[in-house]
Protein chains: 2
Amino acid sequence: MMSFLDEQAVTSSDKAFFRMRKEIVEGEIAAGSKLSEMELSTKYEVSRAVVREAINRLESCHLVERKANVGARVVTLTPEGLMELYQIREALEGMAARLAAQYMTEGEVQDLEGLLSSQFDEVKNQHSYYQEAGDLDFHYRIILGSKNASLISMLVNGLYHLVRMYRVQLGMAGPRVTTAFDEHKHIVRAISNRDPELAEILMRRHIQYSKNNIAAKLASNQSHI
Amino acid sequence: MMSFLDEQAVTSSDKAFFRMRKEIVEGEIAAGSKLSEMELSTKYEVSRAVVREAINRLESCHLVERKANVGARVVTLTPEGLMELYQIREALEGMAARLAAQYMTEGEVQDLEGLLSSQFDEVKNQHSYYQEAGDLDFHYRIILGSKNASLISMLVNGLYHLVRMYRVQLGMAGPRVTTAFDEHKHIVRAISNRDPELAEILMRRHIQYSKNNIAAKLASNQSHI
DNA sequence: AAAATGCAAATTGTCGACAATTCTTAATAT
DNA sequence: ATATTAAGAATTGTCGACAATTTGCATTTT
């Protein structure tokens with residue numbers, strides 16, 4: 001489960017990139033903190049060149065920001081940034097759902113329905129770690145179902161790590177589990193009915209709801225710190 | 001005119017990046033060709049390190065594809081790639097138009113209307129180099145009007161160079177000038193009326209038409225080569 | 001003759017050192 | 001005391017050399 005795109009590290013820079021990405025997403029390297037090339041190269045026991053390349057790749061994912069002759073910093077999480085990110089998600093994943101309704105194979109649709117019913121059991125039995133893993137799995141399948149390689153790459157290699165960063169660092173295990181499940185159900189039905197318009201509309205609403213939910217959480221976190 | 005985001009080269013890699021990007025977009029470096037680091041470093045009279053960094057950045061723009069231990073190639077232009085690109089444009093620029101209808105200032109809307117009427121004069125007087133410069137200017141202004149920094153960066157720094165590459169290398173100076181102008185007019189009206197839904201719908205249709213137009217051209221080019 | 005193997009050449013990946021820029025801090029001037 | 005300047009330290013940018021991997025070609029093998 002969730003073993004698509006098994007991006008395996010072949011080069012040294014790959015390893016550094018994956019490791020840094022993980023540490024940034026999970027907050028082990030704090031949001032907003034400076035990334036010293038020398039420091040990281042001693043920490044990971046590689047040359048500065050591979051750290052530089054890893055940082056460049058992190059910049060492509062929008063996980064760090066670099067300024068010439070000054071250095072790189074991990075992005076800071078802000079309500080505005082979250083809004084922007086979810087506006088983009090709404091546009092791109094709405095399109096992905098539309099395309100998935102057109103181009104997913106019958107087998108893929110059935111797998112998606114299967115995933116949903118297995119998740120239904122989990123939710124019913126209170127194993128509600130649904131949000132993180134389950135929600136991501138659902139979205140990934142639809143993204144892959146779009147059959148648009150550029151779109152897939154943009155979302156999977158690019159934006160979704162930032163999405164996860166927001167989720168992880170705001171401690172999302174929210175009460176949104178069951179309602180989100182219903183939303184998923186309706187989206188799958190639209191895809192199964194080969195109704196691109198509806199699939200897109202429902203996906204966009206789903207992401208809007210999700211945005212509102214996480215935004216509320218972020219606002220409360222901001223206040224009592 | 002068209003002097004936004006004056007990305008100025010501060011470092012040596014910047015210069016190499018900008019130059020290579022220009023040469024790739026304009027076909028001086030052929031689509032699908034291999035990028036030899038050594039060759040380019042002698043050609044530009046810089047070290048391999050800066051060429052490598054430039055190539056990495058070009059990969060982020062989806063202008064080149066890299067394979068570990070093998071090398072980088074300029075992307076190849078295909079009908080499928082074009083379809084994918086325009087599906088993404090439709091989603092992102094549709095959202096941009098929606099946001100522009102909400103967040104553009106009155107001044108920006110007036111400037112946009114001014115641009116349109118000045119272009120109307122040009123079209124009427126047969127100066128119809130409208131398509132390239134004029135169309136891009138129109139789209140850029142709406143993208144910037146979205147006020148979504150991530151979206152702006154994705155489109156301006158990322159996708160639009162690829163869009164230009166398709167346009168330039170397929171010799172777009174098409175007969176679509178006047179009809180596209182009417183589409184622009186209606187989009188601006190929706191933005192001016194602060195009607196986000198309509199602005200998005202019209203922008204999406206505009207891009208769909210544009211896609212069909214360029215796809216037809218690509219098909220004919222493919223056949224008689 | 002076709003396929004497999006092994007060596008040589010070429011290309012990419014990694015490294016440490018040097019150059020250029022920015023940041024820090026302390027001294028000086030107003 | 002504040003602002004300015006200048007020297008020093010630290011960080012990033014660039015370079016050439018070496019290591020690892022891939023590619024091309026010749027040889028061998030079936």
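Thresholds, definitions, all that
Residues numbered from 1 in each chain as written. Chains lettered and ligands numbered in written order. Predicted model: local features only at pLDDT ≥ 70, side-chain atom pairs only at ≥ 80, totals over all residues. Heavy atoms only, no water. Helix = DSSP H or I, 4+ residues; strand = E, 2+ residues; numbered from the N terminus. Buried < 20%, exposed > 50% of the residue type's maximum accessible area, 1.4 Å probe, protein only. Contact = heavy atoms within 4.5 Å. Areas by Shrake-Rupley, 256 points an atom, 1.4 Å probe, with all protein chains shown as cover. Least-squares fit on C-alpha atoms with pLDDT ≥ 70 in both. Domains from an automatic or database assignment. Buried area = accessible area lost by both parts, 1.4 Å probe. Salt bridge = Lys/Arg side-chain N within 4 Å of Asp/Glu carboxyl O. Polar contact = N/O pair within 3.5 Å; in protein donor to acceptor, adjacent residues only side chain to side chain. Nonpolar A, V, L, I, M, F, W, Y, C, P; charged D, E, K, R; others polar. Pairing = 2+ DSSP bridges. Axes fitted to C-alpha atoms, helices over the stretch in contact; angles between N-to-C directions. Parallel < 35°, antiparallel > 145°, perpendicular 65-115°, else oblique. Arc of directions from axis to C-beta. UniProt positions renumbered as here; feature names shortened; annotations may be inferred.

> Sorry, what's going on with the overall build of chain A here?
Scanning chain A from N- to C-terminus turns up 9 helices and 3 strands. Start at the N end of chain A and walk to the C end: the helices and strands fall as α-β-α-α-β-β-α-α-α-α-α-α. Buried positions account for 49% of the 225 residues belonging to chain A. For chain A, contacts bridging at least 24 residues in sequence account for 76% of all contacts bridging at least 6. Accessible surface, chain A: about 10400 Å² in total, of which carbon and sulfur atoms supply 52%.

> Looking at this structure, how should I read the relation of the copies chain B and chain A?
What connects the two chain copies is a rotation about an axis and a shift along it. For the match of chain B to chain A, the screw axis carries a shift of 0.0 Å, the RMSD comes to 0.0 Å, and the turn is 180°. The superposition of one copy onto the other is thereby described by a two-fold rotation axis. In terms of C-alpha distance to the rotation axis, chain B has Ala 91 of chain B as its closest residue, with the C-alpha 2.5 Å off the axis. Same-surface contact between copies: 100% of interface residues of chain B are shared with the interface of chain A.

> Whenever I open this one, the domain arrangement of chain A confuses me. Can you help?
Accessible area lost on assembly of the parts is the figure often given for the size of an interface. Residue and element names in this part refer to chain A. When the domains of chain A are assigned, the result is domain 1 (12-74) and domain 2 (79-223). Computed from C-alpha atoms alone, the centre-to-centre distance between domain 1 and domain 2 is 28 Å. Of the roughly 780 Å² buried between domain 1 and domain 2 on both sides combined, carbon and sulfur atoms contribute 65%. Seen at the junction of domain 1 and domain 2, the total is 0 salt bridges. Summed over the shared surface of domain 1 and domain 2, the result is 3 residue pairs in polar contact (both at pLDDT 80 or more). In terms of residue count, helix α1 (residues 12-25) provides more of the side of domain 1 that touches domain 2 than any other element does, 3 residues in total. Looking at the side of domain 1 that touches domain 2 residue by residue, the classes come out as 6 nonpolar, 2 polar and 2 charged.

> Looking at this model, I keep getting lost on the sheet that holds strand β1 (residues 34-35) of chain B. Mind explaining?
Sheet strands pair via backbone hydrogen bonds, and the direction of the pair is either parallel or antiparallel. All names here are of chain B. Here 3 strands make up an open sheet; going across it, the order is β1-β3-β2 and the pairing antiparallel. The sheet terminates laterally at β1 and β2 (64-67), the two strands that pair on one side only. Pairing analysis gives 2 bridges linking β1 to strand β3 (residues 71-74), with the strands arranged antiparallel. Within the sheet, the bridge partner assigned to Leu 35 lies in β3 and is Ala 72.

> Looking at this structure, how should I read the packing of α1 of chain A against helix α7 (residues 149-169) of chain A?
Axes are the key here: two packed helices are described by the angle between their axes and the distance separating the axes. Residue and element names in this part refer to chain A. The N-to-C vectors of α1 and α7 enclose an angle of 40°; their axes lie 8 Å apart at closest approach. In terms of orientation, α1 and α7 fall into the oblique class. Here Arg 21, Ile 24 and Val 25 of α1 lie close against α7, whose contacting residues are His 161, Arg 164, Met 165, Val 168 and Gln 169. The class makeup of the residues in the contact of α1 with α7 is 4 nonpolar, 2 polar and 2 charged.

> Before we go on, may I ask you to explain helix α2 (residues 37-44) of chain B in this structure?
Because the α-helix completes a turn every 3.6 residues, residues three or four places apart line up on one side. Residue and element names in this part refer to chain B. Turning to α2, its buried residues number three or more, namely Glu 37, Leu 40, Ser 41 and Tyr 44. In a view along the axis of α2, the buried residues occupy a sector of 100°, so they form one face of it. Residues of α2 that are exposed and angled more than 90 degrees away from the buried face: Met 38, Glu 39 and Thr 42. As for α2, its buried residues are in contact with α1 (12-25), β1, α3 (48-60) and β2.

> Mind showing me how you'd approach the pairing of β3 of chain B here?
The two faces of the sheet receive side chains in turn, since in a regular strand these alternate between them. Residue and element names in this part refer to chain B. By the alternation rule, side chains of β3 split into Ala 72 and Val 74, which are all buried, and Gly 71 and Arg 73, of which none is buried. Here 4 bridges tie β2 to β3, and the two strands are oriented antiparallel to one another. Following the sheet pairing, Val 64 is matched in β3 by Val 74. Connecting the antiparallel pair β2 and β3 is a turn made up of 3 residues, with Asn 69 showing a positive phi of about 65°.

> Can you walk me through unusual backbone geometry in this structure?
Keep in mind that most residues, glycine aside, have a negative phi and that most peptide bonds are trans. All names here are of chain B. Residue Glu 45 is not a glycine yet carries a positive backbone phi of 60°. When you line up the elements, Glu 45 lands in the loop between α2 and α3. The exposed category is assigned to Glu 45, whose relative accessible area is 73%. For Asn 69, which is not glycine, the phi dihedral falls at a positive 65°. Here Asn 69 shows up in the loop between β2 and β3.

> Even after reading the chapter, I still don't get the UniProt feature "domain: HTH gntR-type" (unreviewed entry) in chain A, so can you show me in this structure?
When the UniProt feature table is mapped onto this chain numbering, "domain: HTH gntR-type" (unreviewed entry) sits at residues 10-77 of chain A. Secondary structure across residues 10-77 of chain A divides into 51% helix and 15% strand, with the first and last C-alpha atoms of the span separated by 31 Å.

> When you look at the interface of chain B and chain A in this model, what are you seeing that I'm missing?
With 27 residues of chain B at the contact, the number on the chain A side is 27 residues. Note on chain B versus chain A: buried area summed over both sides is about 2300 Å², and carbon and sulfur give 56% of it. At the surface where chain B touches chain A, the tally comes to 4 salt bridges. A salt bridge links Arg 52 of chain B to Glu 53 of chain A, with the shortest nitrogen-to-oxygen separation between them at 3.1 Å. Taken together, the connections running from chain B to chain A amount to 13 residue pairs in polar contact (both at pLDDT 80 or more). Breaking the side of chain B that touches chain A down by element, the ones donating at least two residues are α3, α4 (79-103), α7 (149-169) and α9 (196-223) of chain B. Looking at which element gives the most residues to the side of chain B that touches chain A, the answer is α4 of chain B, with 9 residues. Looking at the side of chain B that touches chain A residue by residue, the classes come out as 11 nonpolar, 8 polar and 8 charged.

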